[in-house]
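One-letter residues, chain by chain:
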Amino acid sequence: TIARERDEFHYGTFPEGFKWSVSTSAYQIEGGWNVDGKGESIWDTFSHTPGKRANNETGDIACDSYHKVKEDVNLVKMLGVQQYRFSISWSRIFPDGTTSYVNQAGVDYYNSLIDSLLKIGVEPVVTLYHWDLPQALEDVGGLLNETVVDRFNEYADFCFKTFGNRVKFWITFNEPYVITWLGYGIGVFAPGINSSPGEAPYQAAHNIIKAHAKAYRTYKKFYKGKQGGRIGMTMSTEWAEPKDPNNPSDVEAADRVIQSILGWFAHPIFKNGDYPEVVKKQVNERRTPSRLPVFTDAEKVEIAGTADFFAINGYTSRLEPIPGAIQATPDWLKIVPWGMRRLLNWLDREYGHPTVYITENGVGTSDATVDDQIRVNFYKAYINEALKAQQLDGVDLQGYTAWSLMDNFEWNSGYGPRFGLFEVDFNDAMRPRTPKRSSIYYNQLIRNNGFPPLQRDERITGDFPPNFIWATATSSYQPMRSPLYLKGEPTVILMLEIDGTNGDVACDSYHKFDVDIELLRSMGVSHYRFSLSWPRILPSGNRTTINQAGITYYHALIDGLLAAGIEPMVTLYHWDLPNALQDSFGGWVGAEIIDLFVEYADICFKEFGPKVKRWITFNEPWVFTVLGYGNGAHSPNIKDSGRLDYQAGKNVLLAHAKAYRLYQTQYKAVQNGEVGITCNSDWSEPRNQYRQVDYDATNRVMQFFLGWFMHPIWVNGDYPDVMKEYVAKRSAAQGEATSRLPELTTQEKSLIFGTSDFFGLNHYTTNLAYETFSPDRINEVSYYEDREANTEQDFTWPAAASVWLKDVPWGIRRLLSWIKKEYNDPPILITENGFSEEGNSHELNDWWRTKFFHGYINEVLKAIQLDNVNVIGYTAWSLMDNFEWAEGYSERFGLHWVDF
Ligand SMILES: *[C@@H]1O[C@H](CO)[C@@H](O)[C@H](O)[C@H]1NC(C)=O
Ligand SMILES: *[C@@H]1O[C@H](CO)[C@@H](O)[C@H](O)[C@H]1NC(C)=O
Ligand SMILES: *[C@@H]1O[C@H](CO)[C@@H](O)[C@H](O)[C@H]1NC(C)=O
């Protein structure tokens, strides 16, 4: 519940004047490391030292931005940002780090960049120190030598004087924690010092804080009055989540983590000029004299209050394991969007409601793809959490900066992780830049200034047509006590047992159907959809024995329903095949099954047909073929994808068609009921709406899913052309004489075509489809490989307990319209739709489920009223919590909670 509330997507926009920005840093993009008089920096030295970074890569050329001002400014322009954050390379201006010599070529480069940005209306945000200390200063002790404070001040002063007429937004240092700890503690970053991790980082930090304060004071005293700019420091931290938020010592520990990363720098600057008490205590307790240097009183006064805004870089969260965190690239980056909101709230409270700018946030990928859906989702999720902090929590957030404009040199990881909104080809001397999908997304987000509510999601009001079917559903194996326990009855097919659970007892509906009927009556449904258990009626699957007790049970259930004014809607086959049939000829893969099913249907029509007016032959053939005989996730757990699932699918179609025809010839005239089939289908959208191959993949996903069964029945007796074509093509490439998708003869096609009085649809969720063809896998045989498409979901969609299930209401409306067009406007009966929660949950206020039903049912109403789709009924899954197949009792779908 906490997670559901926490992760709710929030629609809204940022305040007017909110600054959208994008960032880079000098060493990561500029290249030109030794041209036009530039001095060396510690990163030049470090990256030229073998073994210091991945693949011995360097920033010598990087994105060659030193020679590509025009190109970079064009990228900035394409994004539509209001700011561009870049850094100045100290040694490009002062080659030896001191005022002894100014390199005019370097000054010209930054002038040209700044002027070009201003020309397109983009405000430059300039970082003075993004980790590339002049090597000459490192040679005399670098950040460990206190003289660096004056050197930095002189450099800053020069920059204010030279660029400050145009630059109004200054950042002194970027991420001092990373500089000190990685550079002077563990030594994985330049200058690579790790000889005194207990002292050097504290010393470096001390000098950074003093250097920052001094530069701030210089700006304030000499420039702020006439230039009118602002100046601050960019700090970074991970969000630390208490392992157990109810345990005060965990809460304190998490707080200590943030104080020792962020507070180390922010506390002196934003509070009292000194380190946080908790950090002093921690360090002081460990050794006397303390390794933490001490600020004099005068220094404290000088340091306190030296920031005009709070600039924060945030990427990830820690304190393992974070439930639901998604591992990204590089290793340290776990996607935890809500950590951003909590971090912003933390610093808002801690530092007295400062003005905040997020100066970096982004995610890497391990390859150079421009089809970077993960980055789209990342920005969507993180920026949404930033919006919540701004709008719901009152944090004074005034800007957001994406990291990074383009792929670049990722420090000691070389060119491995790609963080760019634009791809850079590092194998091409011209270093061409290409927009990624995420750059288009970010541009749209900026144009919308956030996430305005979508017309797509607007609710409508109105009534459903008269005689609309309102139903809820179960299936026999799920709520029933197993026949195992009942004398004289056979075993149904054994389900995969999860944690030792099975449907042996389930909801015990075999003994409690009167209770179930009371629930149904109280809900006011017009119909109840349930299934008959084939082995409860025919224990060995054939007529040899008929179990009278089973027949009596179903009569009693049906009579009870009718007495309560509820129409039965009966499924003949909801996955519980008699074991004997699986054992003797392989169940659905054997042709024998067809006539046995028809025989079973015949008995059911004869027995119950006088009272049952709506029959569903099969529930979700896709599931029991692809999962039962394909990937083996469901009973009977057979793995022969791309062969036996197709074989089973064909037999299901024939069995359905024959049962339908039997009803037409033998029963329809007298009983006057309707017979149909229920298929399940997600709605699919192209993952990348700018790639034609993803549109094609989307179509294949739909045709292999719903089309496989519904196309033969509703269109022409045969599988969809695209499915035939893809399976045949791949079969041929694999040297098969015929397609692995068994052909339907002309006779079979005419048997199948037109055999459904209504279009039974189970729908739960939406996915994003994308093309997956790879010549390397051409010899692999499987339904999924044949399809050459895969699917994923947007992780910002509200999640159910079932991993495959996200709350995407608008998908059902699009699916209903698609069905109308694709299958000649059939009468559609929605036979399942619902949302799950965790099995250990006992949360009777299931507001998220209410929201799910409200959203989906409203979209069904839109389909009827606005799109003229002929929907005749809606069924909520499920009447009560039950045995959720391979997931056992770990997922609950019920409108009623069951105490198992
Ligand atoms: C990096 O350079 C060192 C020294 O030249 C060499 O031994 C090593 O193999 C190089 N590593 C890679 C991945 O090229
Ligand atoms: C610190 O830097 C100055 C030059 O600015 C130099 O004279 C001095 O020797 C350095 N101190 C150390 C300990 O390296
Ligand atoms: C019915 O099933 C039983 C058990 O599998 C089998 O022994 C018997 O031969 C079957 N009868 C017919 C008529 O197929």
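Residues numbered from 1 in each chain as written. Chains lettered and ligands numbered in written order. Predicted model: local features only at pLDDT ≥ 70, side-chain atom pairs only at ≥ 80, totals over all residues. Heavy atoms only, no water.

You'll find the chain entered in an unreviewed UniProt entry as beta-glucosidase, with Ciona savignyi given as the organism. On record in UniProt, under Subunit (unreviewed entry), the comment for the chain is "Homodimer." The annotation that UniProt attaches to the chain under Sequence similarities (unreviewed entry) is "Belongs to the glycosyl hydrolase 1 family." (UniProt positions renumbered as here; feature names shortened; annotations may be inferred.)

Here the focus is the sheet that holds strand 6 (residues 230-236). In spatial order, the strands read 2-3-4-5-6-8-12-13; together these eight strands close into a barrel with parallel pairing. Looking at each pair of strands side by side, their axes are set apart by 25° on average, direction ignored. Sheet topology places strand 5 (residues 169-174) next to strand 6; four bridges connect them, and they run parallel. Each residue of the ladder has a partner; that of Trp170, found in strand 6, is Ile231. Taken strand by strand, helix 8 (residues 148-163) contacts strand 4 (123-129), strand 5 and strand 6, and its axis lies near 160° from that of strand 4. Strands in contact with helix 10 (residues 200-227) are strand 5 and strand 6; relative to strand 6, the strand with the most contacts, it is inclined by about 160°. (Pairing = 2+ DSSP bridges. Helix = DSSP H or I, 4+ residues; strand = E, 2+ residues; numbered from the N terminus. Axes fitted to C-alpha atoms, helices over the stretch in contact; angles between N-to-C directions. Contact = heavy atoms within 4.5 Å.)

Let us now look at the side chain of Lys210. Within the element layout of this structure, Lys210 appears in helix 10. Separated by 3.1 Å, the side chains of Lys210 and Glu299 make a polar contact. Other than its neighbours up to four places away in sequence, Lys210 contacts Glu146, Val149, Phe295, Glu299 and Ile303. (Polar contact = N/O pair within 3.5 Å; in protein donor to acceptor, adjacent residues only side chain to side chain.)

Under the UniProt annotation, "active site" (unreviewed entry) lies at Glu360 and Glu832. Taking the farthest pair of C-alpha atoms as the criterion, the annotated set spanning 473 residues is dispersed, since that pair is 44.6 Å apart. Inspection of the secondary structure assignment puts Glu360 in strand 12 (residues 355-360). Each residue touching Glu360, except ones within four places of it in the same chain, is listed here: Ser23, Arg85, His130, Asn174, Glu175, Ile312, Asn313, Gly314, Tyr315, Thr401 and Trp403. Relative to the assigned elements, Glu832 resides in strand 26 (residues 828-832). Since its relative accessible area comes to 4%, Glu832 is described here as buried. (Buried < 20%, exposed > 50% of the residue type's maximum accessible area, 1.4 Å probe, protein only.)

Before going further, it helps to spend a moment on helix 4 (residues 69-79). All of the buried residues in helix 4 are Val69, Asp72, Val73, Leu75, Val76 and Leu79. One side of helix 4 carries all its buried residues, which in axial view fall inside an arc of 155°. Facing away from the buried side of helix 4 by more than 90 degrees, the exposed set consists of Lys70 and Lys77. The positive-phi residue at the C-terminal boundary of helix 4 is Gly80, with phi of around 80°. (Arc of directions from axis to C-beta.)

A few words now on the site of ligand 3. Around ligand 3, the structure places Ser540, Asn542 and Thr544. Between Asn542 and ligand 3, the recorded distance is 2.4 Å, taken from a side-chain N or O atom to an oxygen atom. Here a nitrogen atom of ligand 3 sits 3.3 Å away from a polar atom, N or O, in the side chain of Thr544. Considered on its own, ligand 3 offers 360 Å² of accessible surface; in the complex 31% of this is hidden by protein. (Near = heavy atom within 4 Å. Areas by Shrake-Rupley, 256 points an atom, 1.4 Å probe, with all protein chains shown as cover.)

Turning to the domain arrangement of the chain, a few remarks are in order. Domain boundaries assigned for the chain yield domain 1 (2-453) and domain 2 (514-833). One C-alpha centre belongs to domain 1, the other to domain 2, and the line joining them spans 54 Å. At the junction of domain 1 with domain 2, the criterion picks out three salt bridges. Two residues, Asp371 and Arg691, come together in a salt bridge whose shortest N-O distance is 3.2 Å. Inspection of the domain 1/domain 2 interface yields seven residue pairs in polar contact (both at pLDDT 80 or more). (Domains from an automatic or database assignment. Salt bridge = Lys/Arg side-chain N within 4 Å of Asp/Glu carboxyl O.)

One way to put it is that helix 24 (residues 692-716) packs onto helix 25 (residues 721-733) with a least axis distance of 9 Å and a crossing angle of 105°. Considered as vectors, helix 24 and helix 25 are oriented roughly perpendicular to each other. Along its contact with helix 24, which presents Asn699, Arg700, Gln703, Phe704 and Trp708, the element helix 25 presents Val722, Met723, Tyr726 and Val727. A breakdown of the residues in the contact of helix 24 with helix 25 according to their chemical character gives six nonpolar, two polar and one charged. (Parallel < 35°, antiparallel > 145°, perpendicular 65-115°, else oblique. Nonpolar A, V, L, I, M, F, W, Y, C, P; charged D, E, K, R; others polar.)

It is worth spelling out helix 24 at this point. Spanning 25 residues, helix 24 covers only 27 Å between terminal C-alpha atoms, well under the ideal 36 Å at 1.5 Å per step. By the largest-angle criterion, Gly707 marks the main kink of helix 24, which is about 70°. Among the 25 residues of helix 24, 18 are classified as buried, and the element is accordingly described as predominantly covered. Gly717, located one to two residues past helix 24, shows a positive phi value of around 85°. (Expected span 1.5 Å × (residues − 1). Bend = angle between axes of the 7 residues up to and from the residue.)

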